[in-house]
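Residues per chain, in single letters:
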Amino acid sequence: MSNRILVVEDDPAALRLVSYTLEAEGYEVLTATNGLQGLRKAQNDKPDLVVLDVMLPGIDGFEICHRLRAEPGTAKLLIMMLSAKAREVDKATGLKVGADDYLPKPADPSDIVSHVKALLAKKIASPG
Amino acid sequence: MAKNKNRDIKIIKTSGSPEPGTDLGEIIGAVHDITERRQAEEAFRDSESKYRTLFESSTDAIMTLDENSFIDCNTATLKMFGCNQKSEFAMLHPADISPPNQPDGTGSRAAADLRIAEAFKKGSSQFEWIHRRRNGQDFPAEVLLSALKLGGKQVLQATVRDITDRRRMEEVLRKRAHDLSERVKEINCLYTISDIVDKQNVSLEEMFQRIVDVIPSGWKYPEITCARIGLEDQEFKTKNFRVTNWKQTSDIIVHGNRVGAVEVCYLEGRPELDEGPFLKDERNLLNAIAGRLGRITERKQGEEALKESEQRFKAIFDNAVDGIVLADLENKKFYTCNKMFSQMLGYSLEEIKNLGIVDIHPDKDLPYVTQQFEKQVVKEITLAEDIPVKRKDGSIFYADVNSSLITVSSKSYMMGIFRDTTERKKAREELRRLSDAVKMSNDSIVITDVEGRIVEANEATLKMHGMENRADLVGKNALEIIAPEDREIVAEKVIEALAAGGRISAEYHCIAKDGRKFLVEASISVMTDRNGEPTGYMAVSRDISERKRMEEELRLLSDAVRMTSESIAITDLNGIIVDINEAGLKMYGLDDKANLVGKNPFDIIVPEDQAKALENVARIVETGSLQNIEYHIMTKDRRKALIETSVSLIRGEKGEPKGIVAVARDITERRRMEEALHESEARYRLLAENVKDVIWTSDLNLHLTYISPSHTHLTGYSVEEALGQTVEDLMSPASVEVIVKGFAEELALEERGPGDLFRSRIFEVELNCKDGSTIPVEMKATFLRGLVGQPVGVLGITRDIRERKKAEEALRHSERRFRDIADNAFEWIWEVDPNGKYTYSSPTVEKILGYTPVEVLERHFYDLLHPDDKKRVKKETLEIFARKEPFRELIFKNLNKDGTTVWLSTSGVPLLDEKGNLVGYRGADTDITERKKAEEAIRELDRMKSEFISDISHELRTPLHSIKGFGKLILEGKVPDPNVQREFLTIIENQSNRLDKLVSNLLDASRLESGRFSIHKQSISIAGTIHEAVETLRGVANGKGITIKEDIPATLPEIDVDKERLEQVMFNLLGNAVKFSNDGSEVTVRAEVREHDLLVQVTDHGIGIPKEAMPRLFQRFYRVEASSSVGGSGLGLYISRQIIEAHGGRIWVESEPGVGSTFSFTLPLGAISQDGGASHE
């Protein structure tokens, strides 16, 4: 069964880019364009991984990550943050709120793919 | 024997027994010695000239006369008759110098003539006559008439002799003769009595008996007379004695006392004559007898006593140990001497009587000897010592001679008592040999002769009696140095000794030279010579008054010893303790006496003092006592203490040392205090001498009693000068007033009662200097007080305050300056105490914090802090205070009185006193609220800036991400589908545009910031511009389902605007409206022409803008939070504002969250040409 990846991104162009890239790799891609939508989909649609932007309307990515981690259902969810907030402090914040990875924009699509793959592989390796 | 001048009368006195007062023993006889007269007569007959001479010079009255009258007379005649001149006498008839009649009745003239005739006839006639002097005085005379031839003429020479006296005497005689017969009996009686009395070997009783028997014979009628002599206890009477009515009594007086009476009685009555039965003379006789009896008794008693003493004297005289000799003063020959004297000299009594003083002394010594005797006579000396005397055999011995004048039987003699001192001399020699021993003895040794006269006395005696010269003692009788009350006892004892022949001991009191009495214990023995004859006494005595007193005191003090806090220990002569009192035990640190007895007190003396202690024990035995020796001892609790001890020897009965008593006292504290006091005194002295301030004391009259030397430095007056000055001299008049007044006030305070004894008072006065100037000084004075706190003087310190005054002035000046500065400074200047409470605040505080300085003074610094900062700042500040550090530009949030926040930058420095203690902080605060706000704004701005940057980078990155990403995909051939390619390329283009716009905005903003923003106005159609903007954005709007409605009037005036910029504004507003609108909502653009401007409004129904975001909306980089994802640089509105305002317009927003927003701006109409083309730099 192919991995389901949820992409939470409000910028249409960026969303299109990531979705296309991942679909081209054969992943099933779900999308959400704002934080709440993203949360809902993460809880309900059971993705294997979430690609999470930070600059979102409503609640920002960090908050979303934090909440996901707080929820038992999504606590172990793989989360990769992808954001134009590219400072070290941002990365640190991301990891602090529980992201499994943090990728700054602009990100090469192949990099995106490789990071996703790595994460998924890890998950398989250590399930539960 | 008497010889009358005019008559040669010899009166012969015969004495039976000499009886003063009675003249009955006298037998008077008279003999005429007419030898001279006869010779005169012969001489007269022989020669007329001789006669003449004799005539004139004769002391008898001689005259010549013839039958008729006197012819001549001599001077004596004139004298006899009281005439002045011979001429008066001549031609007088003897009857003229006589009374008319003679005693036998015949007429004087006739009688005289008869006598004359008789004389002529017989040749001479001798008869008695009564003459009369010229003054009428009659006198009896004896007249001798002699016929002679004178100048051829027959004349008569008359020698007249005044026989008044003779007559008188003859009269007396006659009377006496008459009495005599009567008296014979009496005389006989008395004579017999005398006779009886004179009998030497008759007792008084026998005498009286005989006398009483003789008495009647003296009375007129002896046969019937009886007599009795009655004495106190005895009675002598005649056989026939009987008391009758006819009695005569006379008292017998002996030594003024009536001891009895003599009575004479007639046994039968006798005729009473006018004198009574007893004759007056008999009365006298009885008295005489009584008197005699009295005197006899007296005399007899006296005689007896005299006889007794005479016998005694005689015995002494005869048997005296000393030689006694009497010398007749007149012939300097010895009159008599005693046995001893003759023995001493080797002469017999008879031989002695032929010797004189000069014979018994060696010739060479005679002058000395005589001198000594003479001195004695005038009582210059009493004893002539060691007089050399020559014996019969020529040998010489020495004697002490005591000579004096005596009178025996009214003859004066020199009595000399000679005492052979040869033996004594020997004895003295012996004594001298002993004297060394005697001298050294501590006991008094006195040696006397047998009479008790001190011969020798040793040093100890002198000391004991408080005398310095031996001479004061030697020669004195030993009894003199004994107290009067004890003399008898001692004398008795001595006699005892004499009797016992041995030694006696006695205790008696002596008197020292100064009258002090002291008790001695003496041993007296008799000293004898070879023959056992006593030569003197030796008394060894010891003053035991001390010892006695000590014993007494010791007895009395036994309790005191027990109770005293001083240690009293009794040791033997080696120092081993025999007994000790409580206090002593304590000092040794022992509980039980038993532990101590047998111990040596040296054990507790520290090693370094032990040698001294041992030494002292030896000295005690020598000297008897030692006072105030100091030792260090180690007490039980290991403390080194200093003790002061006095030690005395205890002596036994005979004065031998028996033990030692030691009294000790811990004086460690006392010593410490003494030393401290000494040190302190020295320190104070040093202080007084060296301190710059003048230290002085005065009495209560404000006269200086001490002033320290610094006074000279201050005023130029020396200490001596100052001490002599009065208050007026010392200071200016005004100052004097101040001082006097103050002093009076203080004294008045004292009167009211003791207040604070240590209070002092400060005066500022002016002192006079020697050079005439004055110095301001501050005097601090307090009372010196006596034992009960009463003021006895004043103590003061005077300080030169010139510098201080200068400093005060400078300070005042500086303070004024400071005050001026403080008042006017922008900073708020303050001072706080170490707890942070304000002690000073400049007025500026009101401007800054709204509190008046007075209000601030009630508060601590942390009271003014903003609650946010209060706790932290208070803590930190107090820590700084504790470290006494200065602080600089610390920034705190404070609270203005009105509640607003005030930011203050505060700097402060610690204020320290001389010891370095914190007394407060002083500093200044600057109001930096504005600055803070500005800083805040800047920070905010910076924050916004960095957020903006972050956002910008995000904004930049986002499209880049898309561009690069899609580009990559395509290049990598990962987009096979051409349609997808196209789609991707379109996205790339769009994103590029977006990037472009962003960059433009950034540049604009940059330009705006650096002032390089410019607008170029030109007259354009607004409507067209707006419309264009709308069209441009319609596409995007449609994408979101948003419709843009236009509400613009067809005809809008043309305004001078920068078209491009206006477009920018429209794009911005519309873009925002679309961005923030909800899907499917409507955006409206309308324009309205108003009076002075053009109003353009863009309304959307989007999320709205929260109220708090409103103020910052048009600021740089401001992005409402929720809009971050929507993109936008945050500069849009800012730039729009800049643009609109550059045109002279206004831009604002009205919004309600959840409803929508309306952005409005205006562009002014009319004032076009003014701003046209101008660039806003």
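Residues numbered from 1 in each chain as written. Chains lettered and ligands numbered in written order. Predicted model: local features only at pLDDT ≥ 70, side-chain atom pairs only at ≥ 80, totals over all residues. Heavy atoms only, no water.

What follows covers the overall build of chain B. Across its full length, chain B holds 33 helices and 41 strands. The buried share of chain B, taken over its 1177 residues, is 42%. Restricting to contacts in chain B with at least 6 residues of sequence separation, those with at least 24 account for 49%. When the accessible surface of chain B is summed, it comes to about 65,700 Å², and 53% of that surface belongs to carbon and sulfur atoms. (Helix = DSSP H or I, 4+ residues; strand = E, 2+ residues; numbered from the N terminus. Buried < 20%, exposed > 50% of the residue type's maximum accessible area, 1.4 Å probe, protein only. Contact = heavy atoms within 4.5 Å. Areas by Shrake-Rupley, 256 points an atom, 1.4 Å probe, with all protein chains shown as cover.)

Residue and element names in this part refer to chain B. There is a patch of nonpolar side chains on the surface, built from Leu-329, Val-377, Val-378 and Leu-405 and spanning about 310 Å² of accessible area. With respect to the secondary-structure elements, Leu-329 resides in the loop between β10 (323-328) and β11 (334-337). By relative accessible area, Leu-329 is classed as partly exposed at 32%. (Patch = residues over 30% accessible without salt bridge, like charges linked within 9 Å, V, L, I, M, F, W, Y side chains within 5 Å. Salt bridge = Lys/Arg side-chain N within 4 Å of Asp/Glu carboxyl O.)

Turning next to the interface of chain B and chain A. Facing the 27 residues of chain B at the interface are 24 residues of chain A. Taken together, both faces of the contact between chain B and chain A bury some 2,100 Å²; the carbon and sulfur share is 62%. In this structure, the connection of chain B to chain A is made through three salt bridges. The salt bridge involving Arg-16 of chain A is made with Glu-983 of chain B; its shortest N-O contact spans 2.6 Å. (Buried area = accessible area lost by both parts, 1.4 Å probe.)

We now examine helix α3 (residues 61-70) of chain A. Residues spaced three or four apart along an α-helix point in a common direction, a consequence of the helix completing one turn every 3.6 residues. Residue and element names in this part refer to chain A. Taken together, the buried positions of α3 are Gly-61, Phe-62, Ile-64, Cys-65 and Leu-68. The buried residues of α3 occupy an angular sector of 160° when projected down its axis, which confines them to one face. Buried-residue contacts for α3 involve α2 (35-44), β3 (49-52), β4 (78-83), α4 (88-96) and β5 (101-104). (Arc of directions from axis to C-beta.)

Moving on, we get to the sheet that holds strand β30 (residues 828-832) of chain B. Residue and element names in this part refer to chain B. In space, the five strands of this open sheet follow the order β31-β30-β34-β33-β32, with antiparallel pairing throughout. The open sheet terminates on both sides in strands that have one partner only, identified here as β31 (838-841) and β32 (887-895). Neighbour-to-neighbour, the strand axes of this sheet turn through a mean angle of 30°, independent of strand direction. Bridge count between β32 and strand β33 (residues 901-912): seven bridges; the pairing is antiparallel. Across the sheet, residue Ile-891 finds its bridge partner in β33, namely Ser-905. Against the sheet, helix α27 (residues 867-883) contacts β30, β32 and β34 (918-927), and its axis sits at roughly 150° relative to β32. (Pairing = 2+ DSSP bridges. Axes fitted to C-alpha atoms, helices over the stretch in contact; angles between N-to-C directions.)

Residues and elements named next belong to chain A. In the contact formed by α2 and α3, the axes pass within 10 Å of each other and the chain directions differ by 25°. One way to sum up the angle between α2 and α3 is to call them roughly parallel. With respect to the hand of their crossing, α2 and α3 are arranged in right-handed fashion. Along the contact surface, α2 presents Gly-35, Leu-39 and Ala-42, while α3 presents Ile-64, Arg-67 and Leu-68. (Parallel < 35°, antiparallel > 145°, perpendicular 65-115°, else oblique. Left-handed = near helix turned anticlockwise from the far one by under 90°.)

Turning our attention to the sheet that holds strand β20 (residues 567-571) of chain B. Residue and element names in this part refer to chain B. One open sheet accounts for five strands, arranged β21-β20-β24-β23-β22; its pairing is antiparallel. Looking along the sheet, the strands with just one partner apiece sit at the ends: β21 (577-580) and β22 (625-634). Adjacent strand axes in the sheet meet at a mean angle of 30°, parallel and antiparallel pairs treated alike. As paired strands, β20 and strand β24 (residues 657-666) are joined by five bridges and run antiparallel to one another. When the sheet's bridge partners are listed, Ser-567 is paired in β24 with Ala-664. Against the sheet, helix α18 (residues 607-623) touches β22, β23 (640-651) and β24, its axis set at about 160° to β22.

All names here are of chain B. Following both chains from N to C, one finds helix α30 (residues 1022-1040) and helix α31 (residues 1059-1076) inclined at 30°, their axes separated by 9 Å at the closest point. The orientation of α30 relative to α31 falls into the category roughly parallel. Like other packed secondary-structure pairs, α30 and α31 cross with a definite hand, here right-handed. Between α30 and α31, the residues in contact are Ile-1022, Thr-1025, Ile-1026, Glu-1028, Ala-1029, Val-1030, Thr-1032, Leu-1033, Val-1036, Ala-1037 and Lys-1040 and Lys-1059, Leu-1062, Glu-1063, Met-1066, Phe-1067, Leu-1070, Gly-1071, Val-1074 and Lys-1075, respectively. Across the contact of α30 with α31, the residue classes tally to twelve nonpolar, three polar and five charged. (Nonpolar A, V, L, I, M, F, W, Y, C, P; charged D, E, K, R; others polar.)

With that settled, the discussion passes to unusual backbone geometry. Glycine aside, residues mostly have negative phi, and peptide bonds are mostly found in the trans state. Of note, the bond from Lys-105 of chain A into Pro-106 of chain A is cis; its omega dihedral lies within 30 degrees of zero at -5°. Topologically, Pro-106 of chain A is positioned in the loop between β5 and α5 (109-125). One non-glycine residue, Leu-702 of chain B, adopts positive backbone phi at about 65°. Within the fold, Leu-702 of chain B resides in the loop between β25 (694-698) and β26 (704-707). Positioned with a positive phi, Glu-889 of chain B is a non-glycine residue whose angle comes to about 50°.

Here we come to the pairing of strand β28 (residues 774-785) of chain B. Residue and element names in this part refer to chain B. Pairing analysis gives nine bridges linking strand β27 (residues 760-768) to β28, with the strands arranged antiparallel. Bridge pairing in β28 links Arg-761 to Ala-781. Two strands pair when backbone bridges link them, and β28 and strand β29 (residues 791-800) are joined in this way by nine bridges, in the antiparallel orientation. Bridge pairing links Val-777 to Asp-800 in β29.

Residues and elements named next belong to chain B. Counting 43 residues, the largest nonpolar core has Ile-1022, Ile-1044, Met-1066, Leu-1070 and Phe-1161 as its most contacted members. Each residue touching Ile-1022, except ones within four places of it in the same chain, is listed here: Leu-1052, Pro-1053, Ile-1055, Val-1057, Leu-1062, Leu-1094 and Leu-1163. Counting 33 residues, the second largest nonpolar core, distinct from the first, contains Ile-224, Cys-226, Leu-267 and Ile-289. (Core = buried A, V, L, I, M, F, W, Y, C linked by side-chain atoms within 4.5 Å.)

Moving on, we get to the packing of aromatic side chains. All names here are of chain B. Scanning the entire structure with this criterion turns up 17 aromatic pairs over all chains. Ring plane angle 50° and centroid distance 5.9 Å describe the contact between Phe-861 and Phe-881, whose orientation is recorded as tilted. Of this pair, Phe-861 sits in the loop between α26 (853-857) and α27 while Phe-881 is found in helix α27, placing the two residues 20 residues apart along the sequence. Judged by its relative accessible area of 10%, Phe-861 falls in the buried class. Put simply, the rings of Trp-828, Trp-830, Tyr-838, Phe-861, Tyr-862, Phe-881, Phe-887 and Tyr-921 pair up and form one aromatic cluster. If you follow Arg-133 out to its NZ or CZ, it ends over the ring of Phe-139, 4.2 Å from the centre. If you follow Arg-1146 out to its NZ or CZ, it ends over the ring of Trp-1148, 4.4 Å from the centre. (Phe/Tyr/Trp six-rings, centres within 6.5 Å; stacked < 30°, edge-to-face > 60°. Lys NZ or Arg CZ within 6 Å of the ring centre and 35° of its normal.)

On to the pairing of β29 of chain B, then. Residue and element names in this part refer to chain B. Where β25 lies against β29, five bridges are found, and the strand directions are antiparallel. Of the residues in β29, the one forming a bridge with Ser-698 is Val-794. In sequence, β28 turns back onto β29 through a hairpin of five residues, with Gly-789 there showing a positive phi of about 85°.

Here the focus is the pattern of salt bridges. For the structure shown, the criterion picks out 61 salt bridges over all chains. Here Lys-105 of chain A ties to Asp-53 of chain A by a salt bridge, and the two come within 3.6 Å at their closest N and O atoms. One end of the pair, Lys-105 of chain A, is in the loop between β5 and α5; the other, Asp-53 of chain A, is in the loop between β3 and α3, with 52 residues separating them in the sequence. Accessibility assignment for this pair places Lys-105 of chain A and Asp-53 of chain A in one class, buried. Asp-108 of chain A is paired through a salt bridge with Lys-968 of chain B; the nearest N and O atoms lie 2.2 Å apart.

Residues and elements named next belong to chain B. On average, residues of chain B score 79 in pLDDT, and 84% of them reach the 70 mark or higher. Low pLDDT, under 50, characterises residues 9-33; the stretch is placed with 27 contacts to residues that sit more than four places away or in other chains. Within the model, pLDDT remains below 50 along residues 1167-1177, and this stretch shows 13 contacts once partners closer than five positions in the same chain are excluded. Interface confidence in the predicted complex, given as ipTM, is 0.88; pTM for the same model is 0.34. (pLDDT = per-residue confidence, 0-100.)

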